[in-house]
Amino acid sequence: MVTLKPGIFAGFDNIVCGFSTIIDEGAEAPYFFNQSLSVGDDETKVLSNRKRWLESLGIDPLNCATQKQVHGDTIRFITEGGMKGESDAMITDKPGIAILISSADCPAIFVYDKRQKLVAGIHSGWRGTSQKIVTKTINTMKNGMGCKAKDLFCYIAPSISQMNYEVGEEVAELFDERYLIPRGEKFLLNVPRANYDMLIQAGIPKTNIQLSKLCSYKYGNLLHSYRRAGAKSGRASGIIALKSL
């Protein structure tokens, strides 16, 4: 299997962070190395995929926290693995507990506080972005958990690029024009950049942020994309965890 590992966390030996791809021995169309139970794939195969992938990163699957992502702005603080209900962001300070974010175009954002030793995982599609879930998560960490912006390091995982993400006026009107390129009666929306800007506006230094340039739609030999594959698209998993030392 092939896992993408962000360089932004490379200097921290107490962090595990990775983002899955479609590449795995025996992966088959249409779902390939799918990590989600909600797309119609065989449950046994999905759980096997997720178990093997997590274990390859040194994570016990029982210590992996998941959520039913609903494109909202609910944030949960978690202390153990398992399904945590409906939300789109999770935060933990418990070593060994992994936060899993599912993605097939939507930005998955991972945050680490080097002083407070907290990690967060955020799912931020256009709905979550319009509701500023990234801003709300960072504010929760700053105001409720003593985090300071200068101590936060962030990774925005592969997601759909602006040139491949066409939306209607009803979506476009929710965003500042800086994130839009008109195309006929439609617009091209830059969701990754909107999330990046929220991190900057929260005071996080540019040098502390890694924004992946990989487009999930474009790189069909590497990444899942709902826009490209439709209902038969699998899902990637991104995880972040404090190592259990």
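Reading guide: rules and limits
- Residues numbered from 1 in each chain as written.
- Predicted model: local features only at pLDDT ≥ 70, side-chain atom pairs only at ≥ 80, totals over all residues.
- Heavy atoms only, no water.
- Pairing = 2+ DSSP bridges.
- Helix = DSSP H or I, 4+ residues; strand = E, 2+ residues; numbered from the N terminus.
- Buried < 20%, exposed > 50% of the residue type's maximum accessible area, 1.4 Å probe, protein only.
- Contact = heavy atoms within 4.5 Å.
- Polar contact = N/O pair within 3.5 Å; in protein donor to acceptor, adjacent residues only side chain to side chain.
- Salt bridge = Lys/Arg side-chain N within 4 Å of Asp/Glu carboxyl O.
- Core = buried A, V, L, I, M, F, W, Y, C linked by side-chain atoms within 4.5 Å.
- Expected span 1.5 Å × (residues − 1).
- Arc of directions from axis to C-beta.

**Brief notes about the sheet that holds strand S12 (residues 180-183)**
So, point 1. Sheet architecture is open: three strands sit in the order S11-S13-S12, paired in antiparallel fashion. Two strands lie at the open edges of the sheet, namely strand S11 (166-167) and S12, each paired on one side alone.
So, point 2. Relative to strand S13 (residues 186-189), S12 runs antiparallel, the two being bridged by four bridges. The residue of S13 that forms the bridge with Ile 181 is Leu 188.

**Considerations on helix H5 (residues 191-201)**
So, point 1. Among the 11 residues of H5, eight are classified as buried, and the element is accordingly described as predominantly covered.
So, point 2. For H5, the complete set of buried residues consists of Val 191, Pro 192, Ala 194, Asn 195, Tyr 196, Asp 197, Met 198 and Leu 199.
So, point 3. At its buried positions, H5 is contacted by strand S8 (108-113), helix H2 (126-130), helix H3 (133-145), strand S10 (152-156), S13 and strand S14 (209-211).
So, point 4. For H5, the side-chain oxygen to backbone nitrogen distance between the N-cap and Arg 193 is 3.0 Å, and the N-cap itself is Asn 190.
So, point 5. Positive phi appears at Gly 203, one or two residues downstream of H5, with a value of about 95 degrees.

**Observations concerning the side chain of Gln 162**
So, point 1. Considering the arrangement of structural elements, one finds Gln 162 in the loop between S10 and S11.
So, point 2. From its side chain, Gln 162 meets the backbone oxygen of Tyr 179 in a polar contact 3.2 Å long.
So, point 3. Setting aside residues no more than four positions away along its own chain, Gln 162 makes contact with Tyr 179, Leu 180, Ile 181, Leu 188, Leu 189 and Asn 190.

**Describing the pattern of salt bridges**
A side chain of one charge can pair with a side chain of the opposite charge if their charged atoms are brought near each other.
So, point 1. Applying the stated rule across the entire model yields 11 salt bridges.
So, point 2. Put simply, Glu 55 and Lys 51 hold a salt bridge, and the shortest N to O gap is 2.9 Å. Of the two residues, Glu 55 and Lys 51 are both situated in helix H1 (residues 43-56); the distance of four residues between them amounts to about one turn of the helix.
So, point 3. A relative accessible area of 41% places Glu 55 in the partly exposed class.
So, point 4. Take Lys 51: its relative accessible area is 42%, and that puts it in the partly exposed class.
So, point 5. Its salt-bridge partner being Arg 115, residue Asp 151 comes within 3.3 Å of it at the nearest N-O pair. Of this pair, Asp 151 sits in the loop between H3 and S10 while Arg 115 sits in the loop between S8 and strand S9 (118-123), placing them 36 residues apart in sequence.
So, point 6. Its relative accessible area of 4% is what places Asp 151 among the buried residues.
So, point 7. Each of Arg 115, Lys 150 and Asp 151 takes part in one network of salt bridges that share partners.

**Observations regarding the nonpolar core**
So, point 1. Counting residues in hydrophobic clusters, the biggest one holds 25 residues, and the most contacted among them are Phe 9, Ile 15, Phe 110 and Ile 240.
So, point 2. When contributions to this core are tallied by element, the ones reaching two or more residues are strand S2 (15-20), strand S7 (98-103), S8, S10 and strand S15 (236-242).
So, point 3. Val 134, Cys 154, Met 198 and Ile 209 belong to the second largest nonpolar core, which has 22 residues in total.

**Quick look at the pairing of S7**
Across a regular strand the side chains alternate sides, sitting on one face of the sheet and then on the other.
So, point 1. For S7, the buried fraction is high: five of the six residues fall into the buried class.
So, point 2. Pairing geometry for strand S3 (residues 64-68) and S7, over two bridges, is parallel. Counted as the bridge partner of Ala 65 is Ile 99 from S7.
So, point 3. As paired strands, S7 and S15 are joined by six bridges and run antiparallel to one another. Directly across from Ala 98, in S15, lies its bridge partner Ala 241.

**Looking at unusual backbone geometry**
So, point 1. Put simply, Ala 29 and Pro 30 share a cis peptide bond, and its omega is 0 degrees.
So, point 2. Position of Pro 30 relative to the elements: it lies in the loop between S2 and H1.
So, point 3. For Lys 117, which is not a glycine, the phi torsion comes out positive at approximately 55 degrees.
So, point 4. The topology assignment puts Lys 117 in the loop between S8 and S9.

**Some points on H1**
Because an α-helix completes one turn every 3.6 residues, residues spaced three or four positions apart along the sequence face the same direction.
So, point 1. Here H1 contains 14 residues, and its C-alpha end-to-end distance of 20 Å stays within 8% of the 20 Å for a straight helix at 1.5 Å per residue.
So, point 2. Among the residues of H1, those classed as buried are Val 46, Asn 49, Arg 50, Trp 53 and Leu 54. Mapping the buried residues of H1 onto a view down its axis gives an arc of 120 degrees, with all of them on the same face.
So, point 3. The elements touched by buried residues of H1 are strand S1 (3-4), S2, S3, S7 and S15.
So, point 4. Directly after H1, the chain includes Gly 58, whose backbone phi takes a positive value near 80 degrees.

None of the figures reported here should be taken as evidence of function without further support.
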